[in-house]
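Examining the three-dimensional arrangement
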Amino acid sequence: MDKVVEDFQIQDDKEEIKRWYDGYRIGNTNGIYNPWSILNYLKRRELIPYWVNTSSNDLIKIILENSLILKEKIERLLNDEAIEVYLDQETVIVGIEKNENNIWGLLLGTGYLKVVETIDISEGLYKVKIPNKEIKELFRGIIRNWFNDKVVGNNLKSILNDLVTLNLEEFEKKFKVLVREMFSYMDVGENTAENFYHAFVLGMLVGLRDTYYVNSNRESGYGRYDIMLEPKDKNANSFIIEFKVLEDEKEETLEKTIENAKKQIDNKKYEENLKERGFSNITKMVFCFNGKQVKMETF
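In short, a report on the structure. Since the structure is predicted, the reported quantities are computational estimates derived from the model, not experimental observations.

Calculation criteria
Starting from 1, residues in each chain are numbered consecutively following that chain's sequence as written. Under the rules for a predicted model, residues below a pLDDT of 70 receive no local features and side-chain atom pairs below 80 are neither given nor counted, while totals for whole chains, interfaces and linings still include all residues. Excluding hydrogens and water, the side-chain figures rest on all heavy atoms present in the structure. Numbered from the N terminus, helices here are DSSP runs of H or I no shorter than four residues, and strands are runs of E no shorter than two. Criterion used throughout: strands pair if DSSP finds at least two bridges between them. Axis definition: a line fitted to C-alpha atoms, limited for helices to the stretch in contact. Angles are taken between N-to-C directions and run from 0 to 180 degrees. Only heavy atoms matter for contacts: two residues are in contact if any of them lie within 4.5 Å across the pair. Counted as salt bridges are all cases of a side-chain nitrogen of Lys or Arg within 4 Å of a carboxyl oxygen of Asp or Glu. In this scheme, a residue with accessible area under 20% of its type's maximum is buried, one over 50% is exposed, and one in between is partly exposed, where area comes from a 1.4 Å probe on protein chains only.

Examining unusual backbone geometry
In this model, glutamine 9 sits at a positive phi of 55 degrees, which is unusual for a non-glycine residue. If you trace the backbone, glutamine 9 turns up in the loop between helix H1 (2-7) and helix H2 (14-21). Non-glycine residue leucine 166 carries a positive phi angle of around 60 degrees. For leucine 166, the location among the structural elements is in the loop between helix H8 (156-164) and helix H9 (168-183).

Dropping the structure here:
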């Protein structure tokens, strides 16, 4: 790649090219770039997805868009996490969207994921990650399609615009429609409900990545917030978001759950990190769930 950079005089874009198209490995050799994308970049000199927008990727898109079992894990991958998965590298295409091991094997074999650690080779357990920005754009587009398909009369862009412009009454109304439509066919386990809702909203917020840093489960103040939306423009609105699920044994209503969540945000001073760095337009939000019921409050 250094030879290409020198011959085509693209030194100024070298690091961005690496972020977009590098990330692969063959044997013990790292620094393997996607050749199709590099050739197209050299022709057009634009840092955009090339390979993932070709028709040859239609099968991958169809499988991911129709698989309910992967949603939470894909959202974690988009948050730059490496996740543990079981891989079946002898992929069977028929009914693949219903077999998680087959799907991960196909994604690895076709270059949409890379192995960063072998956990147990005999069991086929590996830690995987999205290799580069080009592939991340594919996954973001698929998540946008999941949401857009389920929002009656609205699209994800309009919902997110209502949020960042503090048109919160309209945002809550659209968000409740989204929850009803999406959760009607998703199984939310009792012990994993809060994580599920957290991942659900993280997926929705993918559409803000151009204007916001979307941070999850990081330390601030005296604890860890669920989600922080930090605008790239310091004059824009920033958000602290907390998720709570009604606990039948302790709380009788969603209103009580909301009060507990608000106390947690204030007592643990989650907004301190933003204030210390000069952000002043901070909105604190609480989402409280009971199955498909949701209540939102800001303060």
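Observations regarding the pairing of strand S5 (residues 125-129)
In terms of strand pairing, strand S3 (residues 83-86) meets S5 through four bridges, oriented antiparallel. For glutamate 84, the partnering residue across the bridge sits in S5 and is lysine 127. Where strand S4 (residues 114-120) and S5 come together, five bridges link them in antiparallel fashion. Directly across from threonine 118, in S5, lies its bridge partner tyrosine 126. Hairpin connection between S4 and S5: a loop of four residues separates the two successive antiparallel strands, and glycine 124 in this loop has a positive phi of roughly 75 degrees.

Structural notes on the sheet that holds S4
Pairing in this open sheet of three strands is antiparallel, and the strands run S3-S5-S4 from one edge to the other. Taken across any chain shown, the strands that pair with only one partner, and hence form the sheet edges, are S3 and S4. Each neighbouring strand pair of the sheet contributes to a mean axis angle of 35 degrees, computed without reference to strand direction. Relative to S3, helix H6 (residues 100-109) is tilted by about 110 degrees, and along the sheet it contacts S3 and S4.

Side note on the pattern of salt bridges
Taken as a whole, this structure holds 15 salt bridges when the rule is applied. Of the charged contacts, one joins glutamate 16 and arginine 19 as a salt bridge, the two residues approaching to 2.7 Å between their closest N and O atoms. Remark: arginine 19 and glutamate 16 occur in helix H2; sequence separation between them is three residues, near one turn of the helix. Classification of arginine 19 as partly exposed rests on a relative accessible area of 45%. Put simply, glutamate 271 and lysine 275 hold a salt bridge, and the shortest N to O gap is 3.7 Å. The exposure class of glutamate 271 is buried, given its relative accessible area of 9%. For lysine 275, a relative accessible area of 47% corresponds to the partly exposed category. A single salt-bridge network, built from bridges that share partners, covers Glu259, Lys262 and Glu297.

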